[in-house]
Amino acid sequence: MVLIKNVAVVGASGHVGAPILKAIVDSEKFNVVVISRIGSKATFPSSVKVIHVDYTSVESLTNALQGQDAVVSTVGHEGFVGQSVLFDAAVAAGVKRFLPSEFGSDLNNAKSASLPVFGSKVTVRKNIEEKVKAGADITYTYVVTGGFLDWGIEVGFLLGWQEGKPRIYDGGDVPFSTTTLASVGQATVGVLSHYEKTKNRQVCVNDTVTTQNQLLAIAKKVAPEKEWAPVPVKTSDLYENANAGLAKGDYSVMMDYIFVAIFGDGYGGKFEHVDNELLGVPGKTEADIEAVFKKVLT
Ligand SMILES: NC(=O)c1ccc[n+]([C@@H]2O[C@H](COP(=O)([O-])OP(=O)(O)OC[C@H]3O[C@@H](n4cnc5c(N)ncnc54)[C@H](OP(=O)(O)O)[C@@H]3O)[C@@H](O)[C@H]2O)c1
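All values reported here derive from a predicted model rather than from experimental measurement.

About the cut-offs
Every chain is numbered on its own, with residues counted from 1 as its sequence reads. The predicted nature of this model means local features are confined to residues of pLDDT at least 70 and side-chain atom pairs, given and counted, to a pLDDT of 80 or more, with totals for whole chains, interfaces and linings taken over all residues. With hydrogens and water stripped out, all remaining heavy atoms of the structure feed into the side-chain values. DSSP bridges decide pairing: two strands pair if at least two such bridges lie between them. Helix numbering and strand numbering both begin at the N terminus, where a helix is a DSSP run of H or I of at least 4 residues and a strand a DSSP run of E of at least 2. To get an axis, a line is fitted to the C-alpha atoms, and for a helix only the part in contact is used. The angle between two axes follows their N-to-C directions and goes from 0 to 180 degrees. A molecule or strand has a residue near it when one of that residue's heavy atoms lies within 4 Å. Polar contact is the term for a pair of N or O atoms within 3.5 Å; when the atoms are in protein, one must be able to donate a hydrogen and the other to accept it, and sequence-neighboring residues count only if both atoms are side-chain atoms. Every accessible area reported is derived by Shrake-Rupley at a probe size of 1.4 Å, with residue values counting cover from the shown protein chains alone. We call Asp, Glu, Lys and Arg charged. Ala, Val, Leu, Ile, Met, Phe, Trp, Tyr, Cys and Pro are nonpolar, and the rest, Gly among them, are polar. Ring geometry is summarised as follows: Phe, Tyr and Trp rings, the Trp one being its six-membered ring, pair when their centres sit within 6.5 Å, and such pairs are stacked at plane angles under 30 degrees, edge-to-face over 60 and tilted between the two. Residue exposure (1.4 Å probe, protein chains only): buried if accessible area is under 20% of the type maximum, exposed if over 50%, otherwise partly exposed. UniProt positions are given in the numbering used here, feature names are shortened, and annotations may be inferred rather than shown by experiment. The labels follow the angle: roughly parallel below 35 degrees, roughly antiparallel above 145, roughly perpendicular from 65 to 115, and oblique for the rest. Take the far helix as the reference: if the near one is turned anticlockwise from it by less than a right angle, the crossing is left-handed, and if turned clockwise, right-handed. Note on contacts: a residue pair is in contact if any heavy atoms of the two residues lie within 4.5 Å. By convention here, the domain bounds are inherited from an automatic or database domain assignment. Values labelled buried area give the accessible surface lost by two parts on being combined, using a 1.4 Å probe and summing over both.

Enquirer: Now, about the sheet that holds strand S10 (residues 201–204): what can you tell me, with residues and values included?
Expert: In space, the seven strands of this open sheet follow the order S3-S2-S1-S4-S5-S6-S10, with parallel pairing throughout. Every other strand in the sheet has two partners, leaving strand S3 (49–53) and S10 as the edge strands with one partner each. Averaged over all neighbouring strand pairs, the angle between strand axes comes to 25 degrees, with direction disregarded.

Now the structure itself:
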């Protein structure tokens, strides 16, 4: 039986990387190393060993990954394409499990996978799967979490509370899967702890399934004096406008595709099956969501 003991986390200073690193360290199950870019100004807990590496060099990355059982990539979008070098280095170093930077939409869903915003993630998946099929001695897992619940509320991504004029997609009653950053970390620990059951597949987790109207109701309860003027938006319009923008070279529309993936009909924003039990993610209640809104609204 393969046991993951030594884990390298790449991009561990980011929005997702930091809570994932924390969960892995706090689990006390693994020896952890952080891989960071040469020249990065990122800082990490003093207890964690940090190796600065040239990400364009398979040789340097291979040296850095010697002895590691798993690589968890949490790089941001600028680093997506470079993950092919990271993957080749992981194979060369004898790493047993590779988790590319995912932590979002269900890309097993063909409609979601076809959205331009996910082009690099789909390419990374294809590259990994082709190499594994061709005999690369490594396994992979894609951790799919939906939009982040706490972060998504705090920055106004799931409900634009700041101006009181949230964009409400397709009527606001669309159910979607969403996960807190702490649970994303726990799900990653769960994957690293269950080698066989998470081998060469996508795992899905969520803390809850909710809707924008439910979030709005909670926000109104938390801040009853605040004025709200929701703005209705059709995801079909969003999709058409994003295509038109992209055709003109406007990459600022990429974010709109993410809203299409979460709220659009048939894009798999609500997961059909979740691996919560296997990965040790118990989920969150309405009181937990209320607590997040209290932090930003009171
Ligand atoms: N579901 C959601 O709601 C949601 C929200 C946000 C992000 N995500 C997903 O989570 C993943 C991580 O995103 P993030 O926002 O956490 O990333 P991020 O904070 O933008 O970046 C994470 C780390 O990537 C490294 N990095 C930056 N530029 C790089 C480059 N050019 N090449 C290689 N590495 C680079 C940096 O680490 P060093 O400085 O240490 O090298 C950085 O701290 C992505 O897959 C993203 O799509 C999901």
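Enquirer: Explain the site of the ligand residue by residue, including any values.
Expert: Around the ligand, the surrounding shell holds 26 residues, and the nearest of these are Ser13, His15, Ser36, Ser40 and Ser101. Note that an oxygen atom of the ligand is positioned 3.0 Å from one of the backbone N or O atoms of Val16. Note that an oxygen atom of the ligand is positioned 2.9 Å from one of the side-chain N or O atoms of Lys121. In the complex, the protein chains occlude 81% of the 910 Å² of accessible area that the ligand would expose alone. Residue classes in the shell around the ligand are distributed as nine nonpolar, 13 polar and four charged.

Enquirer: Explain the packing of aromatic side chains to me, and be specific about the residues and the numbers.
Expert: This structure, assessed with the given rule, holds nine aromatic pairs. For the ring pair Phe148 and Trp151, a centre distance of 6.2 Å and an interplane angle of 75 degrees mean the geometry is edge-to-face. Considering the side-chain rings of Phe176 and Phe263, the 5.1 Å spacing of their centres and the 80 degrees angle between planes classify their relative orientation as edge-to-face. With Phe176 in strand S9 (residues 176–179) and Phe263 in helix H10 (residues 254–263), the pair connects residues that are 87 residues apart, well separated along the chain. Judged on exposure class, the residue Phe176 and its partner Phe263 are both buried.

Enquirer: Got a sec to walk through the sheet that holds strand S7 (residues 147–148)? Specific residues and values, please.
Expert: The strand order S7-S9-S11 describes an open sheet built from three strands, whose pairing is mixed. Since the sheet does not close on itself, it has two edges, and those belong to S7 and strand S11 (208–210), each with one partner. As paired strands, S7 and S9 are joined by two bridges and run parallel to one another. Its bridge partner lying in S9, Phe148 is registered against Thr179.

Enquirer: Pulling in residues and values, what's your account of the UniProt feature "domain: NmrA-like" (unreviewed entry) in the chain?
Expert: The sites that UniProt annotates as "domain: NmrA-like" (unreviewed entry) are residues 5–223. Helix and strand shares over residues 5–223 are 36% and 21% respectively, and the end C-alpha atoms of the span are 46 Å apart.

Enquirer: How would you sum up the packing of helix H9 (residues 235–247) against H10? Please name residues and give values.
Expert: The contact between H9 and H10 brings their axes to 9 Å, and the two run at 150 degrees. One element, H9, and the other, H10, form an angle in the roughly antiparallel class. Read as a crossing pair, H9 and H10 show a hand that is left-handed. Contact residues: Thr235, Leu238, Tyr239, Ala242, Asn243 and Leu246 in H9; Met254, Asp256, Tyr257, Phe259, Val260 and Phe263 in H10. Tallied by class, residues from the contact of H9 with H10 come to nine nonpolar, two polar and one charged.

Enquirer: Describe the domain arrangement of the chain, naming the residues involved and giving the relevant values.
Expert: If you check the domain split of the chain, you get domain 1 (6–145 + 181–204) and domain 2 (148–177 + 208–297). Summarising the inter-unit geometry, the C-alpha centres of domain 1 and domain 2 are found 26 Å apart. Between domain 1 and domain 2, the residue contacts involve 29 residues of the former and 25 residues of the latter. Roughly 2,100 Å² of surface becomes buried between domain 1 and domain 2 when both sides are summed, with 67% attributable to carbon and sulfur atoms. Considering only the side of domain 1, the residues that lose the most area to domain 2 are Leu115, Leu181 and Cys204, jointly responsible for 25% of the buried surface there.

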